[in-house]
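Given next are the chains, with one letter for each unit.
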Amino acid sequence: MPDPSAVAVFADLHEESRELDDLVGELAVADWARPTPAPGWSLAHQIAHLHWTDRAALLALTDATAFAGLVEEAVKAPDTFVDAGAEEGAALAPAELLARWRAGRAALDGALAEASPGAKFPWYGPPMKAASMASARLMETWAHGQDVADALGVRRVPTDRLRHVARIGVRARDYAYAVRGLAAPAEQFRIELTAPGPTAPGPTASDPTAPGPTGSAEVWAYGPEDATQRVTGPALDFCLLVTQRAHRADLALTADGPDAGRWLDIAQAFAGPAGPGRAPGTSR
């Protein structure tokens, strides 16, 4: 019997990709060359990178030997293999790149659904179960989708799919220290994030008496309730932080305790070297 939680994350990954497809599917050819907040990366680079990584995930699920070859290539050029993969795809005609990305997503959806729930598959970091791989793909799709949205001047409506991104960000706490050669704090943190909610009427400049949202917002909580080191704030802001799509100074996150504060300065949800992040004041 399929694991209901795994089926849910597979569906969320499909929906996250479809939402990004809605942003780029009807773009004019010239728009694919638009620069994004990632230095040197156009819209085409962003989609090409997602296609390249989807292909790697598909091989990890279906052909361990072929995936091992990709790992060997990465070991030979650890600082350039990601950019090289994006550059190769970005050189394609936009219609061809879009078609390949869509076909790759469909193949990955099928492989995830067919994967044995308890099996672990190779990756560039520790081996992962199919559900964890889907969560990681969703995180990356959302993050690169944010770059696309920023380049197009689009403000996306956050959804509860962000819970997958937030969970990875929390679980990757110690990795953020390790990748910088730092010792992680022994104490666990308490993280309380306000989940995205439905858009509700509220006060406006033209009608300051309009009622605001009612009811209590859902909170996603992680870690022991009595922890002295705490992080609170909107789930969207936390996800923007851990994917390094916004600088901490531009986000409504609060850290109680010096260790929690230090973590917010270095947090990252993605594998690989510590990223440079975004400069203050550059986020939409």
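Residues numbered from 1 in each chain as written. Predicted model: local features only at pLDDT ≥ 70, side-chain atom pairs only at ≥ 80, totals over all residues. Heavy atoms only, no water.

Asker: Just give me the short version of the overall build of the chain, but keep the residues and values in it.
Answerer: A tally of helices and strands in the chain yields ten helices and six strands. Taken against the 2.2 N^0.38 rule, which gives 19 Å for 284 residues, the C-alpha radius of gyration of the chain at 19 Å falls within 12% of a compact globule. Seen through its principal axes, the chain has C-alpha atoms that stretch 55 × 50 × 45 Å. With 284 residues in all, the chain has 43% of them scored as buried. For the chain, the exposed surface amounts to about 14,300 Å²; the carbon and sulfur share of it is 56%. Positive and negative charge centroids in the chain, built from 25 and 36 side chains respectively, lie 2 Å apart. (Helix = DSSP H or I, 4+ residues; strand = E, 2+ residues; numbered from the N terminus. Rg over C-alpha atoms; globule rule 2.2 N^0.38 Å. Buried < 20%, exposed > 50% of the residue type's maximum accessible area, 1.4 Å probe, protein only. Areas by Shrake-Rupley, 256 points an atom, 1.4 Å probe, with all protein chains shown as cover. Lys, Arg positive; Asp, Glu negative; His and termini not counted. Charge placed at Lys NZ, Arg CZ, Asp CG, Glu CD.)

Asker: Describe the sheet that holds strand β5 (residues 230–234), with residues and values.
Answerer: The four strands lie next to each other as β4-β3-β5-β6, forming an open sheet whose pairing is mixed. Sheet topology places β4 (219–222) and β6 (254–256) at the edges, where each strand pairs with a single neighbour. Within the sheet, the average angular offset between the axes of one strand and its neighbour, ignoring direction, is 10°. Pairing of strand β3 (residues 190–194) with β4 involves four bridges; the strand directions are antiparallel. Along β4, the bridge assignment pairs Thr 194 with Val 219. (Pairing = 2+ DSSP bridges. Axes fitted to C-alpha atoms, helices over the stretch in contact; angles between N-to-C directions.)

Asker: Give me helix α7 (residues 162–171): which residues, what numbers.
Answerer: A turn of α-helix holds 3.6 residues, and therefore any two residues three or four places apart point the same way. Counting buried residues in α7 gives seven out of ten residues, a clear majority hidden from the surface. All of the buried residues along α7 are Leu 162, His 164, Val 165, Ala 166, Ile 168, Gly 169 and Val 170.

Asker: Kindly report on the pattern of salt bridges, identifying the contributing residues and their values.
Answerer: Here the structure, examined in full by the defined rule, presents 19 salt bridges. Linking Arg 173 and Asp 174 is a salt bridge whose minimum nitrogen-to-oxygen distance equals 2.8 Å. For Asp 174, a relative accessible area of 38% gives the class partly exposed. Among the salt bridges present, the one from Asp 265 reaches Arg 248, with a minimum N-O distance of 2.9 Å. Taken together, the residues span a long stretch of sequence, with Asp 265 in helix α10 (residues 258–266) and Arg 248 in the loop between α9 (235–242) and β6 at a distance of 17 residues. Since its relative accessible area comes to 25%, Arg 248 is described here as partly exposed. (Salt bridge = Lys/Arg side-chain N within 4 Å of Asp/Glu carboxyl O.)

Interpretation note: all reported values are geometric properties and have no functional meaning in isolation.
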